[in-house]
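# Structural overview
Here's the letter readout for the chains.
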Amino acid sequence: MPGIFGCFSPIQKHEKIISLVKKIDYSIKEVKATELSLIWNLDLKTLDKNEIDIKYEKNGYIIFSGEIFDENISDPKRYILELYENGDFEKLKDINGSFIAAIYDEKNEKLILINDRFGSIKLFYYYDKNHLFFSPKVSTLMNLVE
């Protein structure tokens, strides 16, 4: 089962987070970041975790994991991003599929987490006054809490 993992913190701990994510049972498919955030697209395929290519974005980003079963939606990331930009999230309820997404809008300082209507891909989170972490596994979050 694929998923996403994310970290938002005013305290930069990228090295600690990267070392923790390398230990979980998922492989890293894609990583996007800003100065104070990191979000991974995770998969079950075995990949070399020693080389992590982090793409730093200036205005925000979207991470998508899973699949949409609608032949009219050829690019799920673009489609969901357009719904966000147009304020039309009501259409999400009509999408068939098993997916999860995270949109980080740095300009408006917003994080939007999206799951399919059945919540088929699990997402757990931990939040305190300085950190927000989310993960497909509770055990990963438990290792983060100090």
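See the structure shown above.
Reference entry: report on the structure contained in this document. Small disclaimer: the values here were computed from a predicted structure and weren't measured. (Residues numbered from 1 in each chain as written. Predicted model: local features only at pLDDT ≥ 70, side-chain atom pairs only at ≥ 80, totals over all residues. Heavy atoms only, no water.)

## Observations concerning the overall build of the protein
Regarding its fold elements, the protein presents 3 helices and 9 strands. Ordered by position from N to C terminus, the α and β elements of the protein give β-α-β-β-β-β-α-β-β-β-β-α. Across the 146 residues that make up the protein, the buried fraction comes to 45%. Long-range contacts, defined here as pairs at least 24 residues apart, represent 52% of the contacts in the protein between residues at least 6 apart. Of the accessible surface of the protein, which amounts to about 8700 Å², a share of 48% is contributed by carbon and sulfur atoms. (Helix = DSSP H or I, 4+ residues; strand = E, 2+ residues; numbered from the N terminus. Buried < 20%, exposed > 50% of the residue type's maximum accessible area, 1.4 Å probe, protein only. Contact = heavy atoms within 4.5 Å. Areas by Shrake-Rupley, 256 points an atom, 1.4 Å probe, with all protein chains shown as cover.)

## Quick notes on the pairing of strand S5 (residues 60-68)
S5 sits mainly inside the fold: 7 of its 9 residues count as buried. Pairing analysis gives 9 bridges linking S5 to strand S6 (residues 97-105), with the strands arranged antiparallel. Across the sheet, the residue bridging to Gly60 is Asp105, located in S6. (Pairing = 2+ DSSP bridges.)

## Section: the pattern of salt bridges
Close approach of charged atoms allows side chains with opposite charge to pair. What the rule picks out here adds up to 2 salt bridges. Across the pair Asp88 and Lys91 runs a salt bridge, and its minimum N-O distance is 3.3 Å. Its relative accessible area of 25% is what places Asp88 among the partly exposed residues. Its relative accessible area of 41% is what places Lys91 among the partly exposed residues. A salt bridge links Glu90 to Lys93; the nearest nitrogen and oxygen atoms lie 3.0 Å apart. (Salt bridge = Lys/Arg side-chain N within 4 Å of Asp/Glu carboxyl O.)

## Overview of a nonpolar patch on the surface
On the surface, a nonpolar cluster with roughly 280 Å² of combined accessible area is contributed by Phe124, Val138 and Met142. Checked against the element boundaries, Phe124 lands in strand S8 (residues 124-127). Overall, Phe124 belongs to the partly exposed group, its relative accessible area being 33%. (Patch = residues over 30% accessible without salt bridge, like charges linked within 9 Å, V, L, I, M, F, W, Y side chains within 5 Å.)

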